[in-house]
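Below, each chain spelled out in residue letters.
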Amino acid sequence: MRGAVSRLSLALLAAESGARLCAIIHYLVRGQLGWFGLTIACLVPGYAAQLLSILWFRADGHSPGCWLLALHLLQLGLWKRPHNLGAAPNFPKPAWATCHGDSCRYWDVLRVEKGSGAGEVLAQLGDVCVLRLLEALLQTLPHLLLQAYVVVAVDPAGFIPGVSAGLSLLSLAWALVSYSHFTCLLRPGHLSPPAAVILCLLLWRTGMLSTRVLALVLFARLYSFWVFAVAGVHWLLMSFWLVAQQTDIVAQPCCWRLFNCLLGAVYIFCYINVRPGPSKTRVAVFYAVSTWNILYCTWM
């Protein structure tokens, strides 16, 4: 099951990147410089994930070389992640580390078979999933909103923007599903969910994201900049709600406030559980507010 998840992750990442490049070329060839510039601008937030990846390289005891920095500059850093087992002297390496040296490509990490060092491998997969989720929220989500608006309000017959929006939606949904999948694996006593559960999670995430994006895009088409007021109210509600929960995932007060504000913006589109323990009540509150927001946008 893990191999299938890994192959699908790589396939979606490659397809999404290719479709984004086609959309950029599409706008440039047609002379739509405004949409071309906005599509390019959506790439910029993704460098936050690349920067975090480099910082994790340094924290693992690896000194980033020119080749590694070039990969991150091209936003290909998630395809090459280190393992921190070789940083400590006389630390036993798992079998996959012996085959691939002191650093391993994303492809090699995800394809590693079960065996010695399985816990370390799962930790590395968790790092990759966190980085991919961060990149999806900062880069794929804005690109999805932009391409969806182009398809709905500007060029309904645009094939390339439509394909790019569809692949971005699927990639974002899969990033959320794979993050949930690997956090489940990292918990003691939890087994890998079967394929049917993964498929249901993917359909659920895709449906939720698509309704949220479509509602906001249609509202923006009809009421222009008033969509920021609706999204702002939702963001404030979610941010205050997160503060009231007293999440302790971040220790520093300033970083804790920033974390709640950023996660409140994410909650405009999807729910990510950041607290241990049962989450049924929190999920119910989130979807109640989200449903009210969607109905309000539709009624307006």
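Along each chain, residue indices are assigned from 1 in the same order as the chain's sequence is written. For this predicted model, a pLDDT threshold of at least 70 governs which residues receive local features, and a threshold of 80 or more governs which side-chain atom pairs are given and counted, while totals over whole chains, interfaces and linings are taken from all residues. As a rule here, side-chain values cover all heavy atoms of the structure and leave hydrogens and water aside.

Under the annotation held in an unreviewed UniProt entry, the chain carries the name XK-related protein and is attributed to Myiagra hebetior. UniProt positions are given in the numbering used here, feature names are shortened, and annotations may be inferred rather than shown by experiment. Looking at the chain in UniProt, the text filed under Sequence similarities (unreviewed entry) is "Belongs to the XK family."

**A closer look at the environment of Ala148**
The secondary structure listing takes helices from DSSP runs of H or I that are at least 4 residues long and strands from runs of E that are at least 2 residues long, numbered from the N terminus. Its place among the elements puts Ala148 in helix α7 (residues 118–154). Classification of Ala148 by relative accessible area gives buried; the value is 13%. Residues within four places of Ala148 in sequence aside, it is in contact with Ala165, Val213 and Val217. Remark: exposure states derive from per-residue accessible area (1.4 Å probe, protein chains only) relative to the maximum for the residue type, with buried under 20%, exposed over 50%, and partly exposed in between. Whether two residues are in contact is decided by their heavy atoms: any pair within 4.5 Å suffices.

**Things to note about the UniProt feature "transmembrane region" (unreviewed entry) in the chain**
The sites that UniProt annotates as "transmembrane region" (unreviewed entry) are residues 33–57, 148–176, 196–218, 225–244 and 256–274. Regarding residues 33–57, the helix share stands at 80% and the strand share at 0%, and the terminal C-alpha atoms are separated by 37 Å. Between the C-alpha atoms that bound residues 225–244 there is a distance of 30 Å. The span itself is 95% helix and 0% strand.

**A look at the packing of aromatic side chains**
A pair of Phe, Tyr and Trp rings is counted when the ring centres sit within 6.5 Å of each other, with Trp represented by its six-membered ring. The angle between the planes then sorts it: under 30 degrees is stacked, over 60 is edge-to-face, the rest tilted. Across all of its chains, the model carries 4 aromatic pairs by this definition. A ring pair is formed by Phe219 and Tyr223, whose centres lie 4.8 Å apart and whose planes are at 35 degrees; its orientation type is tilted. Of this pair, Phe219 and Tyr223 are both found in helix α9 (residues 195–223), 4 residues apart, which corresponds to roughly one turn of the helix. The partly exposed category is assigned to Tyr223, whose relative accessible area is 28%. Aromatic side chains Phe225 and Phe228 sit 6.0 Å apart centroid to centroid with 20 degrees between the ring planes, which places their arrangement in the stacked category. The exposure class assigned to Phe225 is exposed, which follows from its relative accessible area of 66%. For Phe228, a relative accessible area of 58% corresponds to the exposed category.

**Examining helix α4 (residues 66–73)**
Buried within α4 we find Leu68, Leu71 and His72. Burial along α4 is one-sided: seen end-on, the buried residues are contained in an arc of 95 degrees. What points out from α4, more than 90 degrees from its buried face, is the exposed set Cys66, Trp67 and Leu73. When we speak of the arc, we mean the arc of directions from the helix axis to the C-beta atoms.

**As for the pattern of salt bridges**
A carboxyl oxygen of Asp or Glu within 4 Å of a side-chain nitrogen of Lys or Arg is what we treat as a salt bridge. All told, the structure shown has 4 salt bridges when counted by the stated rule. Of the charged contacts in the structure, one is a salt bridge between Arg20 and Glu16, with a shortest N-O distance of 2.4 Å. Of this pair, Arg20 and Glu16 both sit in helix α1 (residues 2–29), separated by 4 residues, roughly a single helical turn. Across the pair, exposure class does not vary: Arg20 and Glu16 are buried alike. The partner of Arg132 in a salt bridge is Glu16, with the nearest N and O atoms 2.7 Å apart. With Arg132 in helix α7 and Glu16 in helix α1, this residue pair connects regions lying 116 residues apart in the sequence. A relative accessible area of 8% means that Arg132 is categorised as buried. Put simply, Glu16, Arg20, Arg132 and Glu135 are held in one network by salt bridges that share partners.

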